[in-house]
Amino acid sequence: MNSQSIQHINLKDLVLWTENPRDPIDTDASDQDILFKAMSHHKTKWNLKKFASEMGPHFDSSELPTIVFYNDIPVVFDGNRRVILGKIKHGILTTEGLSPTDAPSYPLEIPCNVCDKKTALENVLRKHADSGSWQPLERDIFLHRHMGHSKSIFLSIEEATGLISSNPDMNKGFVKKEVLKEETLKKLGLSVRDGSLLSIHNTNETDQIFSDIAQKIRNKDITTRASRGQTYEVLSPEIRRVIDANVSASKNLKPYADKNNEYREPTPASQQQKRLTRRTKLKEKHFFGEKLYLRYGHVADLYRDMCDLHQFYLTNKSTLSSSFPKLIRMSMRLLCEAAAKDQDKKLAPYVDLYFKRAKAKLDQNTKTSLSSQNVTESSLVQLLQSGAHDYTATANTEQTIAISVIVGAMLTISHGTDK
């Protein structure tokens, strides 16, 4: 039988839930890490300053955090923002964006609804699933991870490609219900079965189809009022040609990013079969854009090690698994964190400080390549952080090369020998 009880718990003892659907983070993250993330690249999800104002002058005891004890540790399943403000008020957490005077008055011990995990999850779902506080992707993640639901098509595409998290405009209800539904995917030569993305196209072609969809939504060529149910018709002519050609050839559905289904440049003898004009892209030999000349130290050492790792991949890719590029993406995050730490910064402030200056040094073709891979100032931190997880999207070598180019330009500014 589910049980709930009201207990007063010291704010110092409460631990924020790292799997909060609003903004999941690494499970070993501290409360300070969660606050930093909330105040940097995820302000719109947390809105702590606005929330503090809405709470009024004091903590409202009628709105209690929901707590589940894990090994005698009280974890906040619901009410993370209220607990954060209380911790800021009492100096337990600190941030440049909020001071103790910005937070309502709080007792050091606050009343909490303590219950078992099942009850807590049911309460969280009831309060947030359909209230508008979660976006469609967050809702689907919660239902799958915590409520035992099968993966939705929306979540399956995200886990395979990183499409939704890399393109915030895609994380909308109409995109889930109308654009990325099974009927529409079938017209595009795509499908989702048992949580896996399937495609009749090779990996490069599939990526370009999704990229074109994202661009059309971003440019509002597809909205709730424009081109409803006409996803195929709105796609660029070259994308439609490759879809039509592969459908006409009766190609079979294969797992996305299957090692045997990857893009291969056509041989001269079969040049006439090439159906898609590929976007301008950064070739693998241009890792980091160019050779970097960095100051002696840990960052320079990591940079050289990464170059060696990438060269090893190029030399041995025929014998390596399709997952090997994930190691390079993981190393990219390590390198950036090392560069940030070297300047007494966290990752997000480091990106904020150097991204625009670095991008300004790139030529237009390179900027276009970054854009086509969704490498932007707002997405870079998330792309780097995804490298710590075993997502299929982190094996996207073209995107990793694009990330390396902007990172190389940033490192030249922050750690170049002429500094």
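Rules of the game
- Residues numbered from 1 in each chain as written.
- Predicted model: local features only at pLDDT ≥ 70, side-chain atom pairs only at ≥ 80, totals over all residues.
- Heavy atoms only, no water.
- Helix = DSSP H or I, 4+ residues; strand = E, 2+ residues; numbered from the N terminus.
- Areas by Shrake-Rupley, 256 points an atom, 1.4 Å probe, with all protein chains shown as cover.
- Phe/Tyr/Trp six-rings, centres within 6.5 Å; stacked < 30°, edge-to-face > 60°.
- Buried < 20%, exposed > 50% of the residue type's maximum accessible area, 1.4 Å probe, protein only.
- Axes fitted to C-alpha atoms, helices over the stretch in contact; angles between N-to-C directions.
- Parallel < 35°, antiparallel > 145°, perpendicular 65-115°, else oblique.
- Left-handed = near helix turned anticlockwise from the far one by under 90°.
- Contact = heavy atoms within 4.5 Å.
- Nonpolar A, V, L, I, M, F, W, Y, C, P; charged D, E, K, R; others polar.
- Pairing = 2+ DSSP bridges.
- Salt bridge = Lys/Arg side-chain N within 4 Å of Asp/Glu carboxyl O.
- Core = buried A, V, L, I, M, F, W, Y, C linked by side-chain atoms within 4.5 Å.

A.B. asks: Summarise the overall build of the chain; cite the residues concerned and give the values.
C.D. replies: A tally of regular secondary structure across the chain gives 19 helices and eight strands. By element, 48% of the accessible surface of the chain is carried by carbon and sulfur atoms, the whole surface being about 21000 Å².

A.B. asks: I'd love a proper account of the environment of Leu327, names of residues and values included.
C.D. replies: You can see Leu327 is positioned in helix H15 (residues 325-342). When the C-alpha atoms of Leu327 and His310 are compared, they prove to be 9.6 Å apart, with 17 residues separating the residues in sequence.

A.B. asks: Describe the packing of aromatic side chains, listing the residues and the values that go with them.
C.D. replies: Under the defined criterion, the tally for this structure stands at eight aromatic pairs. Look at Phe312 and Phe324: their rings are 5.9 Å apart centre to centre, the planes differ by 45°, and that puts the pair in the tilted class. Of this pair, Phe312 sits in helix H14 (residues 298-316) while Phe324 is found in the loop between H14 and H15, placing the two residues twelve residues apart along the sequence. Given the relative accessible area of 40%, Phe312 is considered partly exposed. On the basis of relative accessible area, Phe324 is assigned to the buried category, the value being 12%. Summarising the aromatic geometry, the rings of Tyr350 and Tyr354 are spaced 5.0 Å apart at their centres and angled 55° between planes, so their arrangement reads as tilted. Highlighted residues: Tyr350 and Tyr354, both in helix H16 (residues 347-360), separated by four residues, approximately one helical turn. Comparing Tyr350 with Tyr354, the two get one shared label, buried. Here a set of aromatic residues connected by ring pairs shows up, and it is made of Trp17, Tyr70 and Phe77.

A.B. asks: Go over the packing of helix H11 (residues 203-218) against helix H13 (residues 237-248) with me, naming the residues and quoting the values.
C.D. replies: Look at H11 against H13: their axes get within 10 Å of each other, and the N-to-C directions meet at 135°. By the criterion of interaxial angle, the relationship of H11 to H13 is oblique. Classified by chirality, the crossing of H13 by H11 is left-handed. The segment H11 lies against H13, with Glu205, Gln208, Ile209 and Asp212 engaging Glu238, Ile239, Val242, Ile243 and Asn246. Here the residues of the contact of H11 with H13 are counted per class, giving four nonpolar, two polar and three charged.

A.B. asks: Lay out the sheet that holds strand E5 (residues 109-115) in plain terms, naming residues and giving numbers.
C.D. replies: The strand order across the open sheet built from five strands is E1-E5-E3-E4-E2, with neighbouring strands paired in mixed fashion. Each of the sheet's edge strands pairs with one partner strand only, and the pair in question is strand E1 (4-10) and strand E2 (15-16). Taken together, the seven bridges between E1 and E5 define a ladder with antiparallel strand orientation. When the sheet's bridge partners are listed, Asn10 is paired in E5 with Glu109. The strands touched by helix H4 (residues 80-89) within the sheet are E2, strand E4 (73-78) and E5, with E4 carrying the most contacts at an inclination of about 125°.

A.B. asks: Talk me through the environment of Ala38; I want residue IDs and the actual numbers.
C.D. replies: Within the secondary structure, Ala38 sits in helix H1 (residues 31-39). For Ala38, a relative accessible area of 1% puts it in the buried group. Once the C-alpha coordinates of Ala38 and Leu48 are considered, the two residues, ten residues apart in sequence, prove to be 8.0 Å apart.

A.B. asks: Account for the pattern of salt bridges, with residues named and values stated.
C.D. replies: According to the stated counting rule, one finds nine salt bridges in the structure shown. Among the salt bridges present, the one from Asp31 reaches Lys87, with a minimum N-O distance of 3.0 Å. Remark: Lys87 occurs in helix H4 and Asp31 occurs in helix H1; sequence separation between them is 56 residues. Lys151 is the partner of Glu159 in a salt bridge, and the nearest nitrogen-oxygen pair spans 2.5 Å. Within the structure, one salt-bridge network assembled from shared partners comprises Asp78, Arg82 and Lys127.

A.B. asks: How would you summarise the nonpolar core if you had to cite specific residues and measurements?
C.D. replies: Grouped together as the largest cluster of nonpolar side chains are 43 residues, with contacts concentrated most on Phe288, Leu335, Leu380, Ile406, Val407, Met410 and Leu411. With residues up to four places along the chain from it excluded, the contact list for Leu380 reads Val351, Phe355, Val375, Ile403, Ile406 and Met410.

A.B. asks: Got a sec to walk through the environment of Phe77? Specific residues and values, please.
C.D. replies: As for its position among the elements, Phe77 is in strand E4. A C-alpha to C-alpha distance of 7.6 Å links Phe77 and Leu121, two positions 44 residues apart in sequence. The residues contacting Phe77, other than those within four sequence positions of it, are Trp17, Thr66, Val68, Tyr70, Lys117, Ala120, Leu121 and Val124.

A.B. asks: An account of the sheet that holds strand E7 (residues 196-199) is requested, with residue identities and associated values reported.
C.D. replies: Pairing is antiparallel in the open sheet, where three strands are placed in the order E6-E7-E8. Edge positions in the sheet fall to strand E6 (190-193) and strand E8 (254-255), since each has one partner strand and no second. The pairing of E7 with E8 spans two bridges and is classified as antiparallel. Note on E8: the bridge partner recorded for Ser199 is Lys254.

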